[in-house]
Amino acid sequence: MPPTQTRTDSCPAAPADSRGIEEILADARARLRRLDPEQAHLAYRSGALLVDIRPAGQRAAHGTVPGSLAVERNVLEWRFDPRCPARLPQAVGYDLPVVILCQEGYTSSLAAAALQDLGLHRATDVVGGFAAWRIAGLPTLGPTPPHRPSSAAPPVTAGRAHR
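Only a predicted model underlies this, so the values are computations on that prediction, with no experimental measurement involved.

Visitor: Explain unusual backbone geometry residue by residue, including any values.
Guide: Of the consecutive residues glycine 142 and proline 143, the connecting peptide bond is found in the cis state with omega at 10 degrees. Residue placement: proline 143 occurs in the segment after helix H6 (129-135).

What follows is the structure, given as structure tokens:
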């Protein structure tokens, strides 16, 4: 369910030691110095890594930011933990400025907080995500349009005589 929708049916009683997603998200965001799209663009141009954590299908459907590093959410921590053998070549230390981008700026907050848990204290995210980046008129590529036949091609029935 998208973050902007709410359920109207009743929820089961939550365990006493649990937290709802709204509380988890608020706690994550309280730790971040979130950037609006323009600030994120300036940070990227100044050397921060802009990391797009959206799935490939979402990037194809909505577009990408030129020069961003695509690292899907399910492997993010392994790729950025400087102690991990599966880390990216860019993950060389804990002072690395990383700006996380998702579609609308929800998942990116949780992901940036997870990177901070690893020790990457400069990790943050983009308020409003890729959607806000595009609305701000910042550079994007795509989306990848579906393949459509050229309108210059003759119709299948071309050349057939009507009898």
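Visitor: Got a sec to walk through the side chain of aspartate 125? Specific residues and values, please.
Guide: Relative to the assigned elements, aspartate 125 resides in strand E4 (residues 124-125). In terms of polar contacts, aspartate 125 uses its side chain to reach the side chain of arginine 34, at 2.8 Å. Separated by 2.7 Å, the side chains of aspartate 125 and serine 108 make a polar contact. Beyond its immediate chain neighbours, meaning those up to four positions away, aspartate 125 contacts Leu32, Arg34, Leu35, Val99, Ile100, Gly105, Ser108, Ser109 and Ala112.

Visitor: Pulling in residues and values, what's your account of the pairing of strand E1 (residues 49-52)?
Guide: In summary, the side chains of a regular strand alternate between the two faces of the sheet. Residues Leu49 and Val51 of E1 are buried on one face, and the alternating residues Leu50 and Asp52, pointing to the opposite face, are buried as well. Of the pairings in the sheet, the one linking E1 to strand E3 (residues 98-101) comprises four bridges and is parallel in character. Bridging across to E3, aspartate 52 finds its partner in leucine 101. Pairing geometry for E1 and strand E2 (residues 69-70), over two bridges, is parallel. What sits directly across from valine 51, in E2, is leucine 69. Handedness of the E1-helix H3 (residues 56-62)-E2 crossover: right-handed.

Thresholds, definitions, all that
Residues numbered from 1 in each chain as written. Predicted model: local features only at pLDDT ≥ 70, side-chain atom pairs only at ≥ 80, totals over all residues. Heavy atoms only, no water. Helix = DSSP H or I, 4+ residues; strand = E, 2+ residues; numbered from the N terminus. Polar contact = N/O pair within 3.5 Å; in protein donor to acceptor, adjacent residues only side chain to side chain. Contact = heavy atoms within 4.5 Å. Buried < 20%, exposed > 50% of the residue type's maximum accessible area, 1.4 Å probe, protein only. Pairing = 2+ DSSP bridges. Right-handed = clockwise from strand over helix to strand, strands pointing away.

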